[in-house]
Amino acid sequence: MTLPNKLPLFVSCAGGVEPLLEEELKRFLPPGVRSRVQALRGGCAVSGTAEDAMRINLESRLAQRVLVELIEGPYRHEDDLYALARRVDWRDWLTPRHTLRIDTTAQRSPLKSLNFAALRIKDAICDQLREHSGERPSVDTQRPDLPVVLHVGPERAAIYVDTSGEPLFKRGWRIDKGDAPLKETLAAAMLAAAGWRGTVEQGGALHDPCCGSGTIPIEAALIACDAAPGLQRRFAFERQLPFATPAMKAAWGEMAQAARARIHPPAVPLYASDVAFRMVDFARRNAERAGVAQYIQFNGGDALERPAPQLPEGMPGSIVMNPPYGERIEVRGKAAATQPPAAGYGDGGRPARDTGRNEERDAGDDFFPRLAAHWKRQYTEHAAGWTAWMLSPDMKLPSRMRLKESRRVPMWNGPIECRLFRFDLVKGSARQPAAEAR
């Protein structure tokens with residue numbers, strides 16, 4: 001099968017990331033496609049080609065999945081969904097030797113059972129192939145050749161093919177991790193919101209003092225090296241019939257080869273540290289698998305005590321961090337010196353214990369003011385300046401740190417609503433004295 005030149009794609013992403021994803025897609029898609037990219041709720045619609053679908057899977061740091069819309073229409077009950085799926089010629093996408101899986105999403109759907117809705121879509125596909133060949137494909141819930149997505153709204157339904165397979169935050173390099181890892185796509189979204197592009201002009205040097213298993217510095221290194229995030233993994237489209245033609249295989253091979261050829265050493269230094277030496281080892285091993293370990297200086301040590309990295313004259317610095325907070329992990333180190341033992345900083349650690357009082361909140365109340373004071377001592381002397389970007393669910397974090405944020409960007413860390421706060425680290429206080437304020 002040859003897919004049409006204008007293919008309705010939906011590129012999904014986390015809530016709040018849609019405008020960043022739209023900007024990213026317009027940056028690397030061909031000029032003729034950029035005008036057909038539109039941010040919607042939960043992702044971006046793209047009128048593109050099969051090559052564009054492959055390119056988005058390879059190049060997007062922010063997308064979760066790349067879906068091809070096959071059909072859309074009204075429905076009232078599950079039999080309508082069966083009829084809708086039968087209108088698709090599934091022989092263009094798979095044979096009885098392939099495997100499939102049906103996933104379902106819903107928004108104000110009147111259906112009582114999404115599992116039964118998924119079963120009706122599966123029945124429609126299998127019945128159609130059995131009628132034409134006498135055989136039917138099997139279901140594989142782990143690694144199907146054809147992941148199919150059914151979305152049901154209040155009155156209309158849409159059926160998609162997922163060309164990604166595993167979600168795109170799975171880059172292929174993370175093996176070592178803590179109990180609360182930051183998704184690679186969220187780390188990339190933090191860097192995108194910060195305008196950090198790995199150059200002296202766009203962000204400068206990068207430092208993550210609570211690096212955990214290394215997600216933020218590794219994503220930053222891949223950006224600074226211009227390494228495509230999908231180079232180390234496989235995709236579902238590689239096993240799907242429309243992408244299995246010699247021409248499509250050749251196009252994919254050329255696309256991947258061009259992405260490998262453009263990788264270069266970063267133009268700025270990258271630093272990462274964590275109070276838990278175990279997590280630093282995890283981060284270093286993950287960076288080795290990602291191919292960027294030689295570009296990141298890893299250290300162990302408390303974020304409240306480590307001095308600021310020494311940067312070349314004229315180079316600005318960006319602190320980008322996902323600090324510990326109660327919904328994820330406990331604070332550890334100097335800020336927790338008076339608290340019971342806890343886990344590490346950053347994107348890995350042990351879940352907070354339920355001890356009958358909010359110990360991680362107590363430690364956090366001490367950690368953040370101390371961190372701000374440490375920044376004022378260590379990071380305000382550099383002539384080119386440092387900017388700090390911190391992800392937190394605490395909307396009152398700036399007041400707790402006694403700092404005035406210059407920007408706050410809404411983001412979601414899984415189910416946790418957060419803000420990405422920007423603090424410009426300058427000498428003295430960014431707040432006016434009380435007398436002047438009045």
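Right above here is the structure, for reference.
A few points on the structure. It should be emphasised that the depicted structure is a prediction, and the values quoted were computed from it without experimental measurement. (Residues numbered from 1 in each chain as written. Predicted model: local features only at pLDDT ≥ 70, side-chain atom pairs only at ≥ 80, totals over all residues. Heavy atoms only, no water.)

### Things to note about the overall build of the protein
Stage number 1. A count of helices and strands for the protein gives 12 helices and 15 strands.
Stage number 2. Put simply, the protein has 438 residues, and 55% of those count as buried.
Stage number 3. A separation of at least 24 residues holds for 77% of the contacts in the protein among residues at least 6 apart in sequence.
Stage number 4. Accessible surface for the protein amounts to roughly 19,400 Å². Of this, 49% is attributable to carbon and sulfur atoms. (Helix = DSSP H or I, 4+ residues; strand = E, 2+ residues; numbered from the N terminus. Buried < 20%, exposed > 50% of the residue type's maximum accessible area, 1.4 Å probe, protein only. Contact = heavy atoms within 4.5 Å. Areas by Shrake-Rupley, 256 points an atom, 1.4 Å probe, with all protein chains shown as cover.)

### Focus on the pairing of strand E13 (residues 386–392)
Stage number 1. Most of E13 is tucked away: 7 of the 7 residues are buried.
Stage number 2. Side chains Trp-386, Ala-388, Met-390 and Ser-392 of E13 all project onto a buried face; the interleaved residues Thr-387, Trp-389 and Leu-391 project onto the opposite face, where all are buried too.
Stage number 3. Relative to strand E15 (residues 416–425), E13 runs antiparallel, the two sharing 7 bridges. Across the sheet, Thr-387 pairs through a bridge with Asp-424, a residue of E15. (Pairing = 2+ DSSP bridges.)

### Digging into the environment of Cys-418
Stage number 1. The residue Cys-418 is located in strand E15 in this model.
Stage number 2. Look at Cys-418 and you get buried, because its relative accessible area is 0%.

### Things to note about the sheet that holds strand E11 (residues 296–300)
Stage number 1. Read across the sheet, 7 strands follow the order E11-E10-E9-E12-E13-E15-E14 without closing on themselves; strand pairing throughout is mixed. Edge positions in the sheet fall to E11 and strand E14 (407–413), since each has one partner strand and no second. Averaged over all pairs of adjacent strands, the angle between strand axes in this sheet comes to 20°, irrespective of strand direction.
Stage number 2. Its contacts with the sheet place helix H9 (residues 277–290) against strand E10 (270–274) and E11, and it is angled at close to 165° to E11. (Axes fitted to C-alpha atoms, helices over the stretch in contact; angles between N-to-C directions.)

### What about the nonpolar core?
Stage number 1. Counting residues in each nonpolar core, the largest one holds 125 residues, and the members touching the most others are Trp-90, Trp-375, Met-401 and Met-411.
Stage number 2. The residues touching Met-411, leaving out its near neighbours within four places in the chain, are Leu-20, Leu-186, Ala-189, Met-190, Ala-193, Leu-391, Ile-416, Glu-417, Cys-418 and Leu-420.
Stage number 3. Of all hydrophobic cores here, the second largest spans 5 residues; its members include Phe-10, Leu-67, Val-149 and Ala-158. (Core = buried A, V, L, I, M, F, W, Y, C linked by side-chain atoms within 4.5 Å.)

### Re the packing of helix H1 (residues 18–28) against helix H3 (residues 50–59)
Stage number 1. At their nearest, the axes of H1 and H3 sit 11 Å apart, and the two run at 115° to each other. In terms of crossing hand, the pair formed by H1 and H3 is right-handed. For the pair formed by H1 and H3, the contact residues are Glu-24, Leu-25 and Phe-28 on the first element and Arg-55, Ile-56 and Glu-59 on the second.
Stage number 2. For the contact of H1 with H3, the per-class residue count stands at 3 nonpolar, no polar and 3 charged. (Left-handed = near helix turned anticlockwise from the far one by under 90°. Nonpolar A, V, L, I, M, F, W, Y, C, P; charged D, E, K, R; others polar.)

### Things to note about helix H8 (residues 246–261)
Stage number 1. With 16 residues, H8 extends 22 Å from end C-alpha to end C-alpha; this agrees with the ideal 22 Å at 1.5 Å per step.
Stage number 2. Of all the residues in H8, the buried ones are Met-248, Ala-251, Trp-252, Met-255, Ala-256 and Ala-259. Across the axial projection of H8, the buried residues extend over an arc of 125°, all falling on one side. Opposite its buried face, H8 presents the exposed residues Pro-246, Ala-247, Lys-249, Glu-254 and Ala-261, each directed more than 90 degrees away.
Stage number 3. Packing partners of the buried residues in H8 comprise H3. (Expected span 1.5 Å × (residues − 1). Arc of directions from axis to C-beta.)

### Re the pairing of E14
Every other side chain in a regular strand lies on the same face of the sheet, so the side chains alternate between the two faces.
Stage number 1. Two elements, E14 and E15, share 7 bridges in a ladder whose sense is antiparallel. Looking at the pairing, Val-409 lines up with Leu-420 of E15.
Stage number 2. Adjacent in sequence and paired antiparallel, E14 and E15 are bridged by 2 residues, among which Gly-414 carries a positive phi angle near 65°.

### Describing unusual backbone geometry
Stage number 1. Positive phi outside glycine occurs at Arg-108, with the angle close to 55°.
Stage number 2. As for its position among the elements, Arg-108 is in the loop between strand E5 (99–106) and helix H5 (114–133).
Stage number 3. Since its relative accessible area comes to 64%, Arg-108 is described here as exposed.
Stage number 4. Phi is positive for Asp-226, close to 60°, though the residue is something other than glycine.
Stage number 5. Within the secondary structure layout, Asp-226 lies in the loop between helix H7 (215–224) and H8.
Stage number 6. With a relative accessible area of 29%, Asp-226 lands in the partly exposed category.

### Some words on the side chain of Arg-233
Stage number 1. The residue Arg-233 is located in the loop between H7 and H8 in this model.
Stage number 2. Separated by 3.0 Å, the side chain of Arg-233 and the backbone oxygen of Ser-164 make a polar contact.
Stage number 3. For Arg-233, the contacting residues outside a window of four places in its chain are Ser-164, Glu-166, Pro-167, Leu-168, Lys-170 and Arg-171. (Polar contact = N/O pair within 3.5 Å; in protein donor to acceptor, adjacent residues only side chain to side chain.)

### A few points about the pattern of salt bridges
Stage number 1. Within this structure, the stated rule accounts for 24 salt bridges.
Stage number 2. Its salt-bridge partner being Arg-120, residue Asp-79 comes within 3.4 Å of it at the nearest N-O pair. Here Arg-120 lies in helix H5 and Asp-79 lies in helix H4 (residues 78–86), a separation of 41 residues in the sequence.
Stage number 3. A cluster of three or more residues bridged by salt bridges with shared partners is formed by Asp-79, Arg-120, Lys-122 and Asp-123. (Salt bridge = Lys/Arg side-chain N within 4 Å of Asp/Glu carboxyl O.)

### Structural notes on the packing of H3 against H8
Stage number 1. In the contact formed by H3 and H8, the axes pass within 11 Å of each other and the chain directions differ by 35°. As for the relative orientation of H3 and H8, their crossing is right-handed in sense. Contact with H3, carried on its side by Ala-50, Glu-51, Met-54, Arg-55, Leu-58 and Glu-59, involves Met-248, Ala-251, Trp-252, Met-255, Ala-256 and Ala-259 of H8 and no other residues of that element.

### Looking at the sheet that holds E5
Strands in a sheet are paired, the pairing made by backbone hydrogen bonds, and the direction either parallel or antiparallel.
Stage number 1. Read across the open sheet, the 8 strands follow the order E2-E3-E1-E4-E8-E7-E5-E6; overall the sheet is mixed. Since the sheet does not close on itself, it has two edges, and those belong to strand E2 (37–40) and strand E6 (138–139), each with one partner.
Stage number 2. Strand direction decides the pairing type here: strand E1 (residues 7–12) and strand E4 (residues 65–74), joined by 4 bridges, are antiparallel. Paired with Phe-10 across the strands is Leu-67, a residue of E4.
Stage number 3. Packing of H4 onto the sheet brings it into contact with E4, strand E7 (146–152) and strand E8 (156–162), and relative to E8 it is tilted by some 45°.
Stage number 4. Packing of H5 onto the sheet brings it into contact with E5, E6, E7 and E8, and relative to E5 it is tilted by some 145°.

Remember, this is a structural readout, not a statement about activity or role.
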